Amino acid sequence: MAKKAKSRTVMVRLLSMAMTGYFRSMMRPRQHRPLSMLKYDPIVRKKVLFLEQKRGGK
Amino acid sequence: MDIRPQHVQLATALPKRLLDFFRKYPPPALTQGLSAAETHASAPPAASLDTPALASSTSSADPNAPTIETPSAALAERPYRNPFQPTKNFATGKWNSPVFGLRRQADIVKLAQKHGVVDLLPYTIKLPGEREKRRIERGLRVKGTGVGERVKGKAWERTLKGRLEERRNAMLAMPQMIEDWKQRGHGRGWKKWPK
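An unreviewed UniProt entry lists chain B under the name Large ribosomal subunit protein mL59 domain-containing protein, from Lophium mytilinum.

Chain A is annotated in an unreviewed UniProt entry as Large ribosomal subunit protein bL33m from Lophium mytilinum. Chain A has a UniProt comment under Sequence similarities (unreviewed entry) that states "Belongs to the bacterial ribosomal protein bL33 family."

1. Describing the sheet that holds strand E2 (residues 23–29) of chain A
Taken together, 4 strands build an open sheet; the order of strands is E2-E1-E4-E3 (chain A) and the sheet is antiparallel. Pairing within the sheet leaves two strands with one partner each, and these edge strands are E2 and strand E3 (36–41) of chain A. Averaged over all pairs of adjacent strands, the angle between their axes in this sheet comes to 40 degrees, without regard to strand direction. Across the sheet, helix H9 (residues 155–183) of chain B is in contact with E3 and strand E4 (46–52) of chain A; its angle to E4 of chain A comes to roughly 60 degrees.

2. So, the side chain of threonine 124 of chain B
Residue and element names in this part refer to chain B. By the element assignment, threonine 124 lies in the loop between helix H7 (102–114) and helix H8 (130–138). In this structure the side chain of threonine 124 is engaged in a polar contact, spanning 2.7 Å, whose partner is the side chain of glutamine 105. In this view, threonine 124 contacts Phe84, Gln105, Val109 and Glu130; residues no more than four positions away in its chain are not counted.

3. Let's talk about the packing of aromatic side chains
Residue and element names in this part refer to chain B. Scanning the model with the defined rule gives 7 aromatic pairs over all chains in all. Here phenylalanine 21 and tyrosine 25 contribute two aromatic rings whose centre-to-centre distance is 5.5 Å and whose plane-to-plane angle is 45 degrees, an arrangement assigned as tilted. A single burial state applies to phenylalanine 21 and to tyrosine 25, both of which are buried. For the pair phenylalanine 84 and phenylalanine 100, a centre-to-centre distance of 5.7 Å together with 75 degrees between the ring planes defines the contact as edge-to-face. Residue phenylalanine 84 is located in the loop between helix H6 (65–77) and strand E1 (87–89), and its partner phenylalanine 100 is located in the loop between strand E2 (94–96) and H7; the two are separated by 16 residues in the primary sequence.

4. Focus on the interface of chain A and chain B
Every contact between the two is made by 21 residues of chain A and, on the other side, 17 residues of chain B. The three residues of chain A that bury the most area against chain B are Arg33, Leu49 and Lys54 of chain A, which together make up 29% of that side's buried surface. At the boundary of chain A with chain B, the tally comes to 0 salt bridges. Counting every contact that joins chain A to chain B gives 4 residue pairs in polar contact (both at pLDDT 80 or more). The set of elements that each furnish at least two residues to the side of chain A that touches chain B consists of E3 and E4 of chain A. Residue classes in the side of chain A that touches chain B are distributed as 13 nonpolar, 3 polar and 5 charged.

5. Observations concerning the pattern of salt bridges
All names here are of chain B. Counted according to the given criterion, the structure contains 6 salt bridges over all chains. Residue aspartate 20 is joined to lysine 16 by a salt bridge in which the shortest nitrogen-to-oxygen separation is 2.8 Å. One end of the pair is aspartate 20 and the other is lysine 16, both in helix H2 (residues 16–24) and 4 residues apart, which spans about a single turn. Residues aspartate 20 and arginine 23 are paired through a salt bridge, measuring 3.8 Å at the closest nitrogen-oxygen approach. You can see aspartate 20 and its partner arginine 23 sitting in helix H2, 3 residues apart, about one turn around the helix. Given the relative accessible area of 30%, aspartate 20 is considered partly exposed.

6. Regarding unusual backbone geometry
Residues and elements named next belong to chain A. Of note, the phi angle at arginine 45 is positive, near 55 degrees, even though the residue is not glycine. When you line up the elements, arginine 45 lands in the loop between E3 and E4. Here arginine 45 falls in the exposed class, since its relative accessible area comes to 65%.

7. Brief notes about H7 of chain B
All names here are of chain B. Compared with the 18 Å implied by 1.5 Å per residue over 13 residues, the 18 Å span of H7 between its first and last C-alpha is a close match. By the burial criterion, the buried members of H7 are Gln105, Ala106, Ile108, Val109 and Ala112. Around the axis of H7, the buried residues are gathered within 165 degrees of arc, so they sit on the same side. Exposed side chains of H7 directed beyond 90 degrees from the buried face belong to Arg103, Lys110 and Lys114. Contacts made by the buried residues of H7 are with H2.

Conventions used here
- Residues numbered from 1 in each chain as written.
- Chains lettered and ligands numbered in written order.
- Predicted model: local features only at pLDDT ≥ 70, side-chain atom pairs only at ≥ 80, totals over all residues.
- Heavy atoms only, no water.
- UniProt positions renumbered as here; feature names shortened; annotations may be inferred.
- Pairing = 2+ DSSP bridges.
- Helix = DSSP H or I, 4+ residues; strand = E, 2+ residues; numbered from the N terminus.
- Axes fitted to C-alpha atoms, helices over the stretch in contact; angles between N-to-C directions.
- Contact = heavy atoms within 4.5 Å.
- Polar contact = N/O pair within 3.5 Å; in protein donor to acceptor, adjacent residues only side chain to side chain.
- Phe/Tyr/Trp six-rings, centres within 6.5 Å; stacked < 30°, edge-to-face > 60°.
- Buried < 20%, exposed > 50% of the residue type's maximum accessible area, 1.4 Å probe, protein only.
- Buried area = accessible area lost by both parts, 1.4 Å probe.
- Salt bridge = Lys/Arg side-chain N within 4 Å of Asp/Glu carboxyl O.
- Nonpolar A, V, L, I, M, F, W, Y, C, P; charged D, E, K, R; others polar.
- Expected span 1.5 Å × (residues − 1).
- Arc of directions from axis to C-beta.

Here it is in structure tokens:
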């Protein structure tokens, strides 16, 4: 049986680098490089760096 | 010997429930006094005096007197076991529940109070004034805060200090991290992705 086709996009999790455990979920094209951006972390109440979490193999 | 008539009088006045209780669990003060007398005199006359005066007084009226005497004699030999308190079985290492639950303890204490024989009962938390005494002893202390006591706390409470420290260090390193990130083309050359 043929495998199900992979979707063009993937949901990724961007973790706050302030180590608060706060994260944001975003969608990006599968072939795109990992996302990273400056976003507001409400726990430390500052704009901090958010980096994409490595996706673990299921 | 001079207290015996009093006990006879008591025995006739007490309700059956209290009498049964004292028959099965003679007051420790009386049994201890007897065992001491036995050890001092070590003579048969002392043993002929029935262990608890109450039991003897009732036994005089009862036809089944010898059946009462045998357990009391056995009780005098064995160490006294408070039926109101849990006991530890040293063979198995397990705790046995009290013979009487707290509700029945309170019942018996109330009954004994009514008939003025509270002093003959073994120790129980239900004795009058006992609760107040404990309250004064312990005060309003919070469990786990005394000497040698520890509060385990929830997992988030136990790890809170470490997590706050980690967050603080991360925030101290944040400006430098953002600077590096900008220099590497906003993540284009970034290698250290979090797991």
